[in-house]
Amino acid sequence: MIASGEDETGKPYKYDCLAKEFENMETVSEIEMKSLSERTGASSLLGAAASPERCGCGRRSGQGGQRAGESGRGSDSAPQRIYKPGARLHPRRSRARQSRAGPGRAGPCRRGLSGPLPTGAAARPGELWDVVVLTAADAAQAGAFREQLAEKLRREQLPRAVRYLVCADPPGPRIGNGGSTLHALRCLEEQYGDQWTSFTVLLIHSGGYSQRLPNASALGKIFTALPLGDPVYQMLELKLAMYIDFPRHMKPGVLITCSDDIELYSTGVTETITFDRPGFTALAHPSDLAVGTTHGVFVLDPSSFSGKGGLEYGSCYRFLHKPDLETMQQSGAVCVRGDRPQLSSPGGCGDSATASECVYTDSVFYIDHSTAQQLLEFYKHVGTLCCEIDAYGDFLQALGPGATPDYTKNTNNVSKEDSGLVAMRQQLYSLLQGTALNVIVLNNSQFYHIGTTQEYLFHFTAESKLRYELNLQPVAFSIFPDTAKTLDHLSVIQSVLEPGCVVGPGSVIEYSRIGPEVSVGRGSIVSGSHINFNVDVPSNCFLSSVSVKITDRVEYVTMVFSVGDDLKKSVKLLSDIHSLQFFGASLPECLDLWSLEASDQLFSSEDTRLGLWTARIFPVCSTLSESVRMSLNMLNSVQHKSAFKLNGFQLLSVQEMLTYKDIEDMLNFRKQIYDEICLQRQKERSDYRMKST
């Protein structure tokens, strides 16, 4: 968002609040840019990825697109520093400069993928994260992450002065994001020794298989593409941009965040978010009470607060994890909306009182190094973890003067109860009891989650606040027919669509090729697919292709579901699989149409979890387009109650697709689309110049 106002001298200015230095990642205004350029010769953070030298298409990010409107707050009040990426991520319209890494510096090679990724010249101390850590569910996912990071560094789409470390969870039982946090701390110590004691670390929880948004399952949620930028940005770049100022105002420690959420906030121009207190420090956002029932909620101590209304520092008396409404009321968590936290009156009632009430919910939190070291020593003492630990529920509930051990025995919000969970929680409570939970209240902030198909479609295609705040585009870095460019309420991301194709409103097309005889219905998701035949993709369809290598040959499998199908749902008995729904039909009905037998061999899970995620129902094909055709034929048979035999095919489950995925082939397919778009842009520029002369 563009903010305007007056500087210290009273001179007017207007600046892009997320124009960044590529190497230094500083938030700068235009009146600061000149001195910064003279001092460092630096270029913009994300703009380097989109400069003509990087893209090869002679067009900079955001060129030709709309810029965000001016801030409503900034026009009538003091200028504010607004962290709302989007048009704000567009590079400055100045001559593209080479980064200090130098044009001749080689990109990372495969030889370096087993350890930390190579970095470029060092930044000035404190200006960048010392390490950015991505957690991964297993070694295979970690390998996929490293390949994508290496490609981003090769294209100079990430700051090269940062260390990037991918930490795979240890083999064995799932350990949750809390266990991943502990293991990542150990990886940091093993990789960097005592040096890590002085580091500022950004730890992004990226593991898991994204069962609620399976187009991100193969390559990871942190690499989810956004309908923004030219070339497009992914969640990783957005995370780095959102937290751009944090390292400069942080003592050594670890900032923990998730890969599928976005925090947007605004603060006064002189206000800074500072992480310098011992213990834990969490960001808090005002939210409706209903939101609080699915998030962590802070019971604040109003007497501890200092600062102005937009940004305040205080302490948390107690942390509640996904509490019900009654618990929030009784615990004193409910506040009145306003410039600063103020407890709600117990006697308040009626619609007006309810509308003004809020709770402060969690998102990102910081652990100072001393506390992180405590957790690391605890992990070393415990040894192998045998249960899932929640970094939010199991760490934060132990903090604050009002914490009690009661939560350690409450397993209502646990997806899978392990035998050692209660004992592990009790040990963590004993370790962390008495540790401070500091809170940074951001009264002008909003938390967004993009972790499900419904959230993904809503935020990318509907009139959502996030779409406006980030200036998300209907068409981002794609070849799109001119005749269809007037369509709104859709999202096309790094794809090639041929003239004649139709995309219905509310649909997302990413990393795909769509032929001239293809019609995509409303509210659908098409990802990583090549559709070059005459077909109508039905509304509310989820279609995502995966390259697999089962032997030595690359083959293809395409998963197809309804966007509302529950891939996390499972049953233990074959007699219960009728409760599993595939595009509105029970799974046994579908199996009959496909000539498949319901048996234990139909499912790939080893722990008797029978569900759509583990059902071997998707045919393996020799070409990408053929795999799409077969899966759409499956869906067509269910919709029209007509037979389509699958018993002659090799079949995989989604779970097995991820086991056999071929990352290199999937990334090559994306690169082919990328190169074709860049060539098209070059041709357009050449044609324009010829017409001009």
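See the structure above.
Owing to the predicted nature of the structure, the values given are computational and were not obtained by experimental measurement.

### Points about the sheet that holds strand E23 (residues 502–503)
Hydrogen bonds between backbone groups are what pair the strands of a sheet, and the pairing can be parallel or antiparallel. Strand order in the open sheet formed by three strands is E23-E26-E29, and the pairing between neighbours is parallel. Of all strands in the sheet, those bounded by a partner on one side alone are E23 and strand E29 (535–537). Two strands pair when backbone bridges link them, and strand E26 (residues 518–520) and E29 are joined in this way by three bridges, in the parallel orientation. Note on E29: the bridge partner recorded for Ser 519 is Asp 536.

### A closer look at the nonpolar core
The biggest cluster of nonpolar side chains holds 134 residues, and the ones touching the most others in it are Phe 246, Leu 255, Ile 262, Ile 531, Phe 582, Trp 594 and Phe 618. When near neighbours in sequence (up to four residues on either side) are disregarded, Phe 618 contacts Val 557, Thr 558, Met 559, Val 560, Phe 561, Ser 631, Met 634, Gln 650, Leu 651, Leu 652, Val 654 and Met 657.

### Re the packing of aromatic side chains
In the structure shown here, the tally under the stated rule is 14 aromatic pairs. Ring geometry for Tyr 243 and Phe 246: centres 5.4 Å apart, planes at 15°, overall stacked. Each member of the pair, Tyr 243 as well as Phe 246, is classed as buried. Three or more aromatic residues link up through ring pairs in this structure, and these residues are Tyr 243, Phe 246, Phe 275 and Tyr 366. Lying across the ring of Tyr 192, Arg 163 places its NZ or CZ 5.9 Å from the centre. The ring of Tyr 511 has Arg 670 sitting right over it, with the charged end atom 3.7 Å from the ring centre.

### Some details on the sheet that holds strand E25 (residues 513–514)
With respect to topology, three strands assemble into an open sheet ordered E22-E25-E28, the strand pairing being parallel. Looking along the sheet, the strands with just one partner apiece sit at the ends: strand E22 (496–497) and strand E28 (530–531). By the bridge criterion, two bridges tie E25 to E28 in an arrangement that is parallel. Its bridge partner lying in E28, Ile 514 is registered against Ile 531.

Calculation criteria
Residues numbered from 1 in each chain as written. Predicted model: local features only at pLDDT ≥ 70, side-chain atom pairs only at ≥ 80, totals over all residues. Heavy atoms only, no water. Pairing = 2+ DSSP bridges. Helix = DSSP H or I, 4+ residues; strand = E, 2+ residues; numbered from the N terminus. Core = buried A, V, L, I, M, F, W, Y, C linked by side-chain atoms within 4.5 Å. Buried < 20%, exposed > 50% of the residue type's maximum accessible area, 1.4 Å probe, protein only. Contact = heavy atoms within 4.5 Å. Phe/Tyr/Trp six-rings, centres within 6.5 Å; stacked < 30°, edge-to-face > 60°. Lys NZ or Arg CZ within 6 Å of the ring centre and 35° of its normal.

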